[in-house]
Amino acid sequence: MAKRAKKTAPHPKRAAPKRAAPKRAAHPATDPGAALRQALLDLVEERGWIDLSMADIAEHAGVSLAEAHRAYRSKAAILVGLTKALDARIIEGLDADPLEGSAKDRLFDLLMRRFDILKADRAAYRRLMRQLPATPAEFAALLCRLRRSLSLMLEAAGLSASGLRGELRLQGLGAVYTAGLRAFANDESEDLSKTMAEVDKRLGQAERLSDMLSRRRAAAA
């Protein structure tokens, strides 16, 4: 199993391993969008996704329903916003902690930075993975956003996501990320060793397949 070249910045410590859900936050949120995103994760962990309402999320975040609606029009939009915020956090972190190594190493690093962030709310994301397919419209919205996220990771790793070759890369990275998510759902370790091993294995398989196809194209030419 490949070792990660360098440690990502540690996630800020949370006040408690499991937060109670107050009726309303003690202080008004200075960033309603961020408050709504965290409130969604808190409540998914506690109550689940399917019956969660925008009113519940707004109340937990300490914002009015009107203010919540101005930030996000639905709980699906909050979920998409979580993914966008995660993408931004990863990309912004590259200035201080740039990627190194081969294309496989760079993709491995990007994927594991993603899982490191998800780990802070691991229980909520696990519950989402189980329940989100039961709400097809919201599930489709997230899948659409994840496709853009994976395209961004390819580009950040120096690999084009354009054209037929880019589409093949996108499909391959999607399969790797899906396998990583399955491992993540059952990974209790602090360092995500099982997730790392699965991502490394799947990227290795994708790399070997890509090399084989490249050799065949060269031979045909």
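Residues numbered from 1 in each chain as written. Predicted model: local features only at pLDDT ≥ 70, side-chain atom pairs only at ≥ 80, totals over all residues. Heavy atoms only, no water.

Quick notes on the packing of helix H1 (residues 32-47) against helix H6 (residues 122-131)
Helix-helix packing is characterised by the crossing angle of the two axes and by the distance between the axes.
1) Next: Between H1 and H6, the least distance of the axes is 8 Å, while the angle of their chain directions is 70 degrees. The orientation of H1 with respect to H6, classified from their angle, is roughly perpendicular. Crossing handedness for the pair H1 and H6: left-handed. Across the interface between the two elements, Leu-41, Val-44, Glu-45, Glu-46 and Arg-47 from H1 touch Ala-123, Ala-124, Tyr-125, Arg-127 and Leu-128 from H6. (Axes fitted to C-alpha atoms, helices over the stretch in contact; angles between N-to-C directions. Helix = DSSP H or I, 4+ residues; strand = E, 2+ residues; numbered from the N terminus. Parallel < 35°, antiparallel > 145°, perpendicular 65-115°, else oblique. Left-handed = near helix turned anticlockwise from the far one by under 90°. Contact = heavy atoms within 4.5 Å.)

A short note on the packing of aromatic side chains
1) Next: Taken as a whole and judged by the stated rule, the model has two aromatic pairs.
2) Next: Through a chain of ring-to-ring contacts, three or more aromatic side chains come together here, namely Phe-115, Tyr-177 and Phe-184.
3) Next: Between Lys-75 and the ring centre of Trp-49, over which it is positioned, the NZ or CZ distance is 4.3 Å. (Phe/Tyr/Trp six-rings, centres within 6.5 Å; stacked < 30°, edge-to-face > 60°. Lys NZ or Arg CZ within 6 Å of the ring centre and 35° of its normal.)

Considerations on the nonpolar core
1) Next: The biggest cluster of nonpolar side chains holds 53 residues, and the ones touching the most others in it are Leu-40 and Phe-115.
2) Next: Of all the secondary structure elements, the ones that give two or more residues to this core are H1, helix H2 (54-61), helix H4 (75-93), helix H5 (103-119), H6, helix H7 (136-156), helix H8 (163-185) and helix H9 (193-220).
3) Next: Residue contributions to this core peak at eight residues, all from H5.
4) Next: Once residues lying within four places of it in the same chain are set aside, the contact partners of Leu-40 are Trp-49, Leu-52, Ile-57, Lys-75, Ile-78, Leu-79 and Leu-82. (Core = buried A, V, L, I, M, F, W, Y, C linked by side-chain atoms within 4.5 Å. Buried < 20%, exposed > 50% of the residue type's maximum accessible area, 1.4 Å probe, protein only.)

What to know about H8
1) Next: Between its first and last C-alpha atoms H8 spans 33 Å; for 23 residues at 1.5 Å apiece the expected length is 33 Å, and the two agree.
2) Next: Listed as buried for H8 are Gly-166, Leu-170, Leu-173, Gly-174, Val-176, Tyr-177, Ala-179, Gly-180, Leu-181, Ala-183 and Phe-184. (Expected span 1.5 Å × (residues − 1).)

Points about the packing of H5 against H7
1) Next: Orientation of H5 relative to H7, taken along the N-to-C sense of each, is 140 degrees, at an axis distance of 9 Å. On the basis of their axis angle, the class for H5 and H7 is oblique. As for the relative orientation of H5 and H7, their crossing is right-handed in sense. Across the interface between the two elements, Leu-107, Leu-110, Leu-111 and Arg-114 of H5 pack against Leu-146, Ser-149, Met-153, Leu-154 and Ala-156 of H7.
2) Next: Here the residues of the contact of H5 with H7 are counted per class, giving seven nonpolar, one polar and one charged. (Nonpolar A, V, L, I, M, F, W, Y, C, P; charged D, E, K, R; others polar.)

Observations regarding H1
1) Next: The end-to-end C-alpha separation of H1 is 21 Å, in line with the 22 Å expected for 16 residues at 1.5 Å each.
2) Next: Counted residue by residue, H1 has twelve buried out of 16 residues, so it is predominantly covered.
3) Next: Residues Pro-32, Gly-33, Ala-35, Leu-36, Arg-37, Ala-39, Leu-40, Leu-41, Asp-42, Leu-43, Val-44 and Glu-45 constitute the buried set of H1.
4) Next: Tucked into the core, H1 has its buried residues touching H2, helix H3 (65-71), H4 and H6.

Some points on the pattern of salt bridges
Oppositely charged side chains can pair when the atoms bearing their charge come close.
1) Next: Tallying each qualifying case throughout the model produces eleven salt bridges.
2) Next: Taking the shortest distance from any N to any O, the salt bridge between Asp-87 and Arg-114 comes out at 2.9 Å. With a gap of 27 residues between them, Asp-87 in helix H4 and Arg-114 in helix H5 connect regions that are remote in the sequence. Both residues of the pair, Asp-87 and Arg-114, belong to the buried class.
3) Next: Measuring nitrogen to oxygen at the nearest pair gives 3.2 Å for the salt bridge that ties Glu-188 to Arg-126. (Salt bridge = Lys/Arg side-chain N within 4 Å of Asp/Glu carboxyl O.)

A closer look at unusual backbone geometry
1) Next: A positive phi angle, near 55 degrees, is found at Leu-192, a position not held by glycine.
2) Next: Looking at the secondary structure, you find Leu-192 in the loop between H8 and H9.

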